[in-house]
Amino acid sequence: MIKIVDLDKAFDKYIEKFVLDNIGKVKPEEIEDKIPILYEEFGNAADKELDGKTPNEYYRAFTAEELLTALKTHIDGDVPVSDFLIEAITANEMSEKPVKTALMQEESEQFTAYLMNILTDLKAEIPVERYIEFALYDYPESIGELATEALKEDADSAKDKVLKCFDDAPEDKKERLTEILSGVKEKSDEVFDKLVAEFVKNKKKIPQYASYLAKYGDDRAIPVLKAAIEGKVNYQEFEELKFAIECLGGEYTEKRDFTQDAIYKKVKGKK
């Protein structure tokens, strides 16, 4: 059974001992610069709380399941999670399956976030449907954002499942799906139509949705963006629309007067 040890506190004591042992030898301002070196030394120093093993050695002797149980116990007991524990999990070749299994359970926000970050560190294929659930439904904001970021990184693999659930997704979460689709590299009419429809629908978020069209990179969006820029827009919206048009290979050269626009005045430092 893995011992639940606060290695952060142990490292603090290690630093304290170093400071006491080096009074008059090391300037206070130099200590901060030495912390990474001290941490490396600490990782290779035997610790009686770890059965005489070093932090680097101790966790490597356990199975992936045991390490994940220890991670959960640390979190549930409000004991700081050390980098040595996380590194042991990501270094374990058998970690991927138990991490994915744990992600299918309803766990605490902190434990779920750790699991998602570990899966990213493992460079493993993410469970797309589960991540879509995290992004769309009743999960903490931080989990939804982590899921969205991961799905964006693997947008082509997630595309079909995202499109399938798009129309029935909660309206206040559809922007996450739009953001994911904007990262799809393989062009398709269905993705393009969804991005354009969301851009047209979200008139109060023109800059954001213009950026999704720009990122997707389909120049068929240029007429849509030009129609928007020729309408009633503020200075920020104008600049973002112009930028999106140019990103797609288009051009907009019409002069517009924004001297009375509040955003323009703030940007230009005028009263």
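Conventions adopted
- Residues numbered from 1 in each chain as written.
- Predicted model: local features only at pLDDT ≥ 70, side-chain atom pairs only at ≥ 80, totals over all residues.
- Heavy atoms only, no water.
- Helix = DSSP H or I, 4+ residues; strand = E, 2+ residues; numbered from the N terminus.
- Expected span 1.5 Å × (residues − 1).
- Buried < 20%, exposed > 50% of the residue type's maximum accessible area, 1.4 Å probe, protein only.
- Contact = heavy atoms within 4.5 Å.
- Patch = residues over 30% accessible without salt bridge, like charges linked within 9 Å, V, L, I, M, F, W, Y side chains within 5 Å.
- Areas by Shrake-Rupley, 256 points an atom, 1.4 Å probe, with all protein chains shown as cover.
- Salt bridge = Lys/Arg side-chain N within 4 Å of Asp/Glu carboxyl O.
- Lys, Arg positive; Asp, Glu negative; His and termini not counted.
- Charge placed at Lys NZ, Arg CZ, Asp CG, Glu CD.
- Axes fitted to C-alpha atoms, helices over the stretch in contact; angles between N-to-C directions.
- Parallel < 35°, antiparallel > 145°, perpendicular 65-115°, else oblique.
- Left-handed = near helix turned anticlockwise from the far one by under 90°.
- Core = buried A, V, L, I, M, F, W, Y, C linked by side-chain atoms within 4.5 Å.
- 1 Å grid on protein atoms, 1.4 Å probe; cavity = no way out; pocket = protein on both sides within 12 Å on 5 of 7 lines; lining within 4 Å.
- Points joined across faces, edges and corners; volume = space filled by probe spheres on them.
- Nonpolar A, V, L, I, M, F, W, Y, C, P; charged D, E, K, R; others polar.

Caption draft 1: Geometry of helix H12 (residues 189-201). Between its first and last C-alpha, H12 extends 18 Å over 13 residues, near the 18 Å set by a 1.5 Å rise per residue. Residues of H12 that are buried: Val-191, Phe-192, Lys-194, Leu-195, Val-196, Glu-198 and Phe-199. In this fold, the buried residues of H12 make contact with helix H10 (155-166), helix H11 (174-181), helix H13 (206-216), helix H14 (222-229) and helix H15 (235-247).

Caption draft 2: Inspection of a negative patch on the surface at higher detail. The grouping of Asp-8, Asp-12, Glu-16, Asp-83 and Glu-87 at the surface amounts to a negative patch. With 3 residues, helix H1 (residues 7-21) is the largest single contributor of residues to the negative patch. The residue Glu-87 is located in helix H5 (residues 83-91) in this model. The exposure class assigned to Glu-87 is partly exposed, which follows from its relative accessible area of 36%.

Caption draft 3: View of helix H7 (residues 109-121). Helix length check: H7 (13 residues) gives 18 Å between terminal C-alpha atoms against 18 Å at 1.5 Å per residue, within 8%. For H7, the full list of buried residues reads Phe-111, Thr-112, Ala-113, Leu-115, Met-116, Ile-118 and Leu-119. As for H7, its buried residues are in contact with helix H4 (64-76), H5, helix H6 (96-103), helix H8 (128-136) and helix H9 (141-153). A positive backbone phi angle near 55 degrees is found at Lys-123, which sits one or two residues after H7.

Caption draft 4: The arrangement of the packing of H11 against H12 in detail. Running from N to C, H11 and H12 cross one another at 135 degrees; their axes reach a closest spacing of 10 Å. Regarding the angle of H11 to H12, the classification is oblique. Here the hand of the crossing between H11 and H12 comes out left-handed. In this structure, H11 contributes Lys-174, Thr-178 and Leu-181 to the contact, and H12 contributes Val-191, Lys-194, Leu-195, Glu-198 and Lys-201.

Caption draft 5: Quick peek at the nonpolar core. If you look at the biggest cluster of nonpolar residues, it comprises 85 residues, and the most contacted ones within it are Tyr-59, Leu-71, Tyr-131, Phe-199, Leu-225 and Leu-241. Tallying contributions element by element places H13 first for this core, with 7 residues. Ignoring any residue separated from it by four or fewer positions in sequence, one finds Tyr-59 in contact with Ile-2, Val-5, Leu-7, Leu-67, His-74, Ser-82, Phe-84, Leu-85 and Ala-88.

Caption draft 6: Structural view of the layout of surface pockets. Space inside the largest pocket adds up to approximately 260 Å³. Lining the largest pocket are 17 residues; nearest its centre among them are Asp-172, Lys-173, Lys-174, Glu-175 and Arg-176. For the lining of the largest pocket, the secondary structure elements donating two or more residues are H9, H11, H12 and H13. Considered class by class, the residues forming the lining of the largest pocket number 2 nonpolar, 2 polar and 13 charged.

Caption draft 7: Inspection of the side chain of Lys-173 at higher detail. One can find Lys-173 in the loop between H10 and H11. Asp-172 provides the closest opposite charge to the buried, unpaired Lys-173, separated from it by 4.7 Å. For Lys-173, the residues in contact, after removing those within four places along its chain, are Ala-135, Leu-136 and Tyr-137.

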